[in-house]
Amino acid sequence: MNATAAKGETLIELVGVRKRYRFGEAAVNALDGVDLRVAKGSFVGVIGRSGSGKSTFLNVVGGLDRPSEGSVLVQGRALMGRTSDELAAYRRQVIGFIFQSFNLVPHLTALENVALPLALAGQGYFERRRRAQELLDKVGLGARTGHRPTELSGGERQRVAIARALSNDPQLLLADEPTGNLDSRTAEEIMGMLRALHAEGCTIVLVTHDRERAERYCERIVVLEDGRVKEDRTTSAALVDLSAASVEAAPPAEGA
Amino acid sequence: MRLSDVGAHAFANLARHKLRTALTLCGVGIGVATLTVMVSLGEGIKRLIEDQVDKAELVTRITVLPKGAAGQLPIFRRGGRGGQQDDDEAGPKLDDDVVEQLGKLPGVVVVYPDTHTPWLGAELDGRVLQAESEGLPAKAITANYQRALLAGRYWTEAESQAEVAVAPSRVLEDLGIKPEAAIGTRVYFMRIDQLGRYEMEPEELPAAPDAPGAEPRPLRVRYVRPPDARLIEVEIIGVYESEEFGLAGRRFQVPLTFGRRLLAESGLERALGGQASAGRYRALTVKVEGRTDVAPVRERIEQKGFDTFAIADALKFVAIVFAVIEVLLAFFGGIGLVVSFFGIANTMVMAVLERTREIGVFKALGARDRDVRRIFLAEAAAIGVTGGALGVLFGWGVGQGLNRVGSWVMREALNERLVELFYVPGWLAVACIGVSTVVAAVAGLYPAWRAARLDPVVALRME
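Below, the structure is looked at part by part. Quantities reported herein were computed from a predicted structural model and do not represent experimental measurements.

Thresholds applied
Residues numbered from 1 in each chain as written. Chains lettered and ligands numbered in written order. Predicted model: local features only at pLDDT ≥ 70, side-chain atom pairs only at ≥ 80, totals over all residues. Heavy atoms only, no water. Helix = DSSP H or I, 4+ residues; strand = E, 2+ residues; numbered from the N terminus. Buried < 20%, exposed > 50% of the residue type's maximum accessible area, 1.4 Å probe, protein only. Contact = heavy atoms within 4.5 Å. Areas by Shrake-Rupley, 256 points an atom, 1.4 Å probe, with all protein chains shown as cover. Pairing = 2+ DSSP bridges. Axes fitted to C-alpha atoms, helices over the stretch in contact; angles between N-to-C directions. Salt bridge = Lys/Arg side-chain N within 4 Å of Asp/Glu carboxyl O. Buried area = accessible area lost by both parts, 1.4 Å probe. Polar contact = N/O pair within 3.5 Å; in protein donor to acceptor, adjacent residues only side chain to side chain. Nonpolar A, V, L, I, M, F, W, Y, C, P; charged D, E, K, R; others polar.

**Structural notes on the overall build of chain A**
Alright, step 1. A tally of helices and strands in chain A yields 7 helices and 10 strands.
Alright, step 2. Expressed as a percentage of its 256 residues, the buried residues of chain A come to 55%.
Alright, step 3. Excluding contacts between residues fewer than 6 apart, the proportion of contacts in chain A whose partners are at least 24 apart in sequence is 72%.
Alright, step 4. When the accessible surface of chain A is summed, it comes to about 10600 Å², and 48% of that surface belongs to carbon and sulfur atoms.

Here's what the structure looks like:
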């Protein structure tokens, strides 16, 4: 995390981004001319109904998908034209993904899951395990490192996923409906944890259809509709003093 | 991603799907085992032949013949004019001068005339048999000869005039005499045409003519030696392990001087060519120090106007024949590997399908296409290595089993000694595992390529 990054500086910029999908004869614009800046250290909630293009937006920003038109700039440098290896390096070094369905590798332990991005980055065995342990301690699962995902509750799995997303010290956390599969109490815990990370200086883009929760936690709301930005505003949450928030202070997950 | 991590990941994945891995490994293992068994058969036979050649030190031996005589005994020549050699051949003669000259060539250990007598009668322990003799100077008795001794000893330099013999184990075995028991006993040599005959007669003369219906009296076998037989009495001082196959199994080794006498007494001297007793030989044997000495020494000898023959020529041909045989055996053995190729490809295609979502996750976390490709290639190769190792073990076991059965058959049915027809040398084991690994990796190429090409967005959407 770039806790030291100056707020306000642009981290990601989308300029006229279009993403067109073809279904035989018909073409659908999942993104239809999106212009957006995400400042360093901000906590942006992207909300919209199913099919509004929010997942495509996340994939394009995360370098998993390439826009059909327009460009995505990361710290002023375009993602366009990068090779698939360069995009992989971008995901490995800049991005941390958090998914709705956690997407933990089922046969790896919590520790191994958290260490996985570091293994992909070529880090040594002991070094990455030490780092993974540190992160699991941070999300309150330091005692459950040897458990496999099936032995963890939904909230715990998402904590492991967050620890995994943080393992490579990303500049940008992309969370795709991270609370979609959780009960509301656990959802609050996870959101609290994201807010704490934000407080530490982490830049977070959260995609959700849960407008109410986004309003409470995010400092900026972007509403997507039919692939366009329909609304872009700051929230009252932006005024909340975050100095007291911390990840460790987040309430423990169920069963922890 | 580090290669060590890729490998560890591959084995972990295989270990997770125990049944599927086991089934695939069975397929690969059986394929590799077939290959191993097939090629080890070729290797075994080749080794058998090479061992025989080595034991007889044939590789470091050069046979020197008068010009134009190569490969032909006078009696087998067209027209069948045995003993006409002197008139036929124009080149220099093989005599004691030549023996001395050749003995001085660099790399030569010893030169001695060929006194091999292929037909001799021998009487041993009251029984007769056809035997051969070969005269050897004490210097020609190398460590290999000493190693082959089962009992007793060879003659020494000081005993070069002695009339002693080292008997072949095969003859004693046939007569049911233990090697140790043969030491000190006598063998009587004679011309082959003086071999006596066996006569059969009733055990006892009847006191009265046979009563009708009486039991026929058992017959007794008696050896009758011709009254004019000239016997040469020899003491057996040693027994060597003779070859299991072939004609050399009845060859008595004797000191060179005595060998000449036996050849002369055999009456075959002129028929075989040369006249050893008069110092003219049909052939000389040149023993050189090592394999590499064969070629230069041969060249020097041929410059002197003689023909030479070295087993190395024949061995080259044997090597070619065996290379062809092994390729054929490997081809048929390789069919099993082709089958396992498809088995592995199938397993890997399934693995990619099943782990599509996982591949998406890996890519989202920053895995490059080549990382994904390597993961699946490594998994396929891991099947190949493991299956190859199991297959080699299994194939080796099958070969050992067949060796046992083969030895039993040889002993019970053919009265031959134990043979190892199936032999897995180290290089064969390594090669089989290597081939199996490569085949597996190639089988994994397409599935791995598909996995690497997966669109992460699509892969992540997979349920």
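What follows continues from the structure just given.
**Observations regarding the sheet that holds strand β3 (residues 43-47) of chain A**
Residue and element names in this part refer to chain A.
Alright, step 1. The sheet built from 6 strands is open, its strands ordered β6-β7-β8-β3-β9-β10 with mixed pairing. Bordering the open sheet on either side are β6 (95-98) and β10 (228-234), each of which pairs with just one other strand. Geometrically, the sheet is characterised by an average inter-axis angle of 15 degrees between neighbouring strands, direction not taken into account.
Alright, step 2. Summarising the sheet, strand β9 (residues 220-225) and β10 pair through 6 bridges and their orientation is antiparallel. Each bridged residue has a counterpart across the sheet, and for V223 the counterpart in β10 is E231.

**Thoughts on the pattern of salt bridges**
All names here are of chain B.
Alright, step 1. A complete count under the given rule lists 47 salt bridges over all chains for this structure.
Alright, step 2. Two residues, E233 and R186, come together in a salt bridge whose shortest N-O distance is 3.6 Å. One end of the pair, E233, is in strand β10 (residues 232-240); the other, R186, is in strand β7 (residues 186-190), with 47 residues separating them in the sequence.
Alright, step 3. Looking at E233, the relative accessible area reads 43%, which means it is partly exposed.
Alright, step 4. Using a relative accessible area of 37% as the deciding quantity, one classes R186 as partly exposed.
Alright, step 5. Salt-bridge contacts for R355 lead to E379; the nearest nitrogen and oxygen are separated by 2.9 Å.

**Notes on the interface of chain B and chain A**
Alright, step 1. Tallying the contact residues gives 22 residues for chain B and 23 residues for chain A.
Alright, step 2. Summing the contributions of chain B and of chain A, the shared interface buries around 2100 Å²; its carbon and sulfur component is 57%.
Alright, step 3. Summed over the three residues of chain B that lose the most area to chain A, namely B:A364, B:L365 and B:V457, the buried surface amounts to 26% of that side.
Alright, step 4. In this structure, B:D5 and A:R128 form a salt bridge, with 2.7 Å as the shortest nitrogen-oxygen distance.
Alright, step 5. Here chain B is connected to chain A by 11 residue pairs in polar contact (both at pLDDT 80 or more).
Alright, step 6. Of all the secondary-structure elements, those providing two or more residues to the side of chain B that touches chain A are α1 (3-16), α12 (356-364), α13 (369-414) and α15 (456-461) of chain B.
Alright, step 7. Of all the elements, α12(B) adds the most residues to the side of chain B that touches chain A, at 6 residues.
Alright, step 8. A class-by-class count of the residues in the side of chain B that touches chain A yields 9 nonpolar, 3 polar and 10 charged.

**What to know about the sheet that holds strand β12 (residues 284-288) of chain B**
All names here are of chain B.
Alright, step 1. Strand order across the open sheet formed by 4 strands is β2-β12-β1-β13, with antiparallel pairing between neighbours. Each of the sheet's edge strands pairs with one partner strand only, and the pair in question is β2 (108-113) and β13 (306-310). Each strand of the sheet is rotated relative to its neighbour by a mean of 25 degrees, with strand direction disregarded.
Alright, step 2. Note: strand β1 (residues 61-66) against β13, 5 bridges, orientation antiparallel. Looking at the pairing, V64 lines up with T308 of β13.
Alright, step 3. Docked against the sheet, helix α4 (residues 96-103) engages β1, β2, β12 and β13, running at close to 170 degrees with respect to β2.

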